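# Structural description and commentary
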Amino acid sequence: MIGRRGFLLSASAAFAAGLPVARAATQSYPAFLAGVRAEAVGHGLSAAIIDRALALRAPNERVLQLDRHQPEFTLTWAQYRQKVLTPKKIADGRAAAASRAALLAAVSGRYGVDRQPLVGIWGLESAYGTRMGTFHVADALATLAYDGRRAAFFRTELMNALRILDHGDVEPESMLGSYAGAMGQPQFMPSAYLRYAVDFTGTGRRDIWNSEPDVMASIANYMARCGWVGGEPWGQEIMVPASLAQAELGRGAVHTLEDWMARGVRRADGRPFSRADIRGAVLRPDGPGGEAFMVYRNFSVIRRYNPSDFYALAVGLLGRDVT
């Protein structure tokens, strides 16, 4: 999805590979839903909850339309940064972070994850909880499992969604998300929810739709379990000589800062790095003449949330600018 010189902006990270190609349905939709219901009940899930979630008449045409006709734009990093890190996004983030300082401190302290990536991810995924999606997740996932281009993947996610409903964390009517099934303020797929969602408030329910403590703790738990090292930076903006070949850069080219300084790399203010022994990689997304960044191991942790260099850079920069 991501190239060194550009970014393929798609409707959801769930569609990270391939083009939207419809699968020819081999059975009627009611028969498909009956099969899902039988499988779910066979796994011990509540028949009553399953019936509520799968009370569907036909595939959701809007979901299919979005799946098959996703707008695709190849953006440079400069264009992506301008599009995503808007003055409004930054101003809203500063206000959101300031008003939730105590919560962020509590979550950061418990999970050892700095507040910057928490707010950065929250801002990019749902505009600080204001844009979570309006699709009923079971409806969207059932549609894509029946007639989508990744039917097996979405059937698995549908079964995971039904497990969440069976647990009672959310009512079927309130399980809202994107057309691809990414849910709530952190935009977790159901599998990620089952693995990382947290009941921070102790209510017995993991509410990533309405409970900001649960939202922040769930993002922090995700990052912690993916290897975030508290107190270490994700990266920083730097100066790179135009003569440094693009082929020598990239996430796979990890060297000590001493080695990078010997090649002419400096901090953004032109000064040498304070720690020569730290290891990092240089990203110059738009090539010579474009912005450049030194990225460290926490950058790779952000990429576990969304495997995009552009996304991870935006999370880091947004978190830096709003906290």
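Structure first, text after, so check above.
Heads up: these notes are all about the structure in this document.

Quick notes on the rules
Residues numbered from 1 in each chain as written. Predicted model: local features only at pLDDT ≥ 70, side-chain atom pairs only at ≥ 80, totals over all residues. Heavy atoms only, no water. Pairing = 2+ DSSP bridges. Helix = DSSP H or I, 4+ residues; strand = E, 2+ residues; numbered from the N terminus. Contact = heavy atoms within 4.5 Å. Axes fitted to C-alpha atoms, helices over the stretch in contact; angles between N-to-C directions. Salt bridge = Lys/Arg side-chain N within 4 Å of Asp/Glu carboxyl O. Phe/Tyr/Trp six-rings, centres within 6.5 Å; stacked < 30°, edge-to-face > 60°. Buried < 20%, exposed > 50% of the residue type's maximum accessible area, 1.4 Å probe, protein only. Lys NZ or Arg CZ within 6 Å of the ring centre and 35° of its normal.

This part covers the sheet that holds strand S8 (residues 266-267). Reading across the sheet, the five strands line up as S7-S9-S10-S6-S8 and stay open at both edges, with antiparallel pairing between neighbours. A strand with exactly one partner marks an edge of an open sheet, and here the two such strands are strand S7 (254-256) and S8. Across three bridges, the pairing between S7 and strand S9 (residues 279-283) is antiparallel. By the bridge assignment, histidine 255 is partnered in S9 with glycine 280. Here helix H14 (residues 309-322) sits on the sheet in contact with strand S6 (235-239), S9 and strand S10 (292-295), set at roughly 85° to S10.

Moving on, we come to the pattern of salt bridges. Considering all chains together, one arrives at 19 salt bridges under this definition. Arginine 52 is paired through a salt bridge with glutamate 173; the nearest N and O atoms lie 2.8 Å apart. Taken together, the residues arginine 52 in helix H2 (residues 47-53) and glutamate 173 in the loop between helix H9 (151-167) and strand S5 (176-177) connect sequence positions 121 residues apart. Through salt bridges with shared partners, a single network forms among Arg81, Glu237, Glu291, Arg320 and Asp321.

The next thing to look at is the packing of aromatic side chains. Per the counting criterion, the structure on display carries 15 aromatic pairs. Look at tyrosine 29 and tyrosine 146: their rings are 4.9 Å apart centre to centre, the planes differ by 65°, and that puts the pair in the edge-to-face class. With a gap of 117 residues between them, tyrosine 29 in helix H1 (residues 29-42) and tyrosine 146 in helix H8 (residues 137-147) connect regions that are remote in the sequence. Accessibility expressed as a relative area gives 4% for tyrosine 29, which makes it buried. Between tryptophan 77 and phenylalanine 310 the ring centres are 5.4 Å apart and the planes differ by 65°, which places this aromatic pair in the edge-to-face class. On the criterion of sequence distance, the pair formed by tryptophan 77 in helix H4 (residues 77-84) and phenylalanine 310 in helix H14 is long-range, its members being 233 residues apart. Of the two residues, tryptophan 77 and phenylalanine 310, both sit in the buried class. Members of the aromatic cluster, connected to one another through ring pairs, are Trp77, Tyr80, Phe293 and Phe310. Sitting over the ring of phenylalanine 153, arginine 150 keeps its end group 4.3 Å from the ring centre. Geometry around tryptophan 260 places arginine 263 over its ring, the cationic atom sitting 5.1 Å from the centre.

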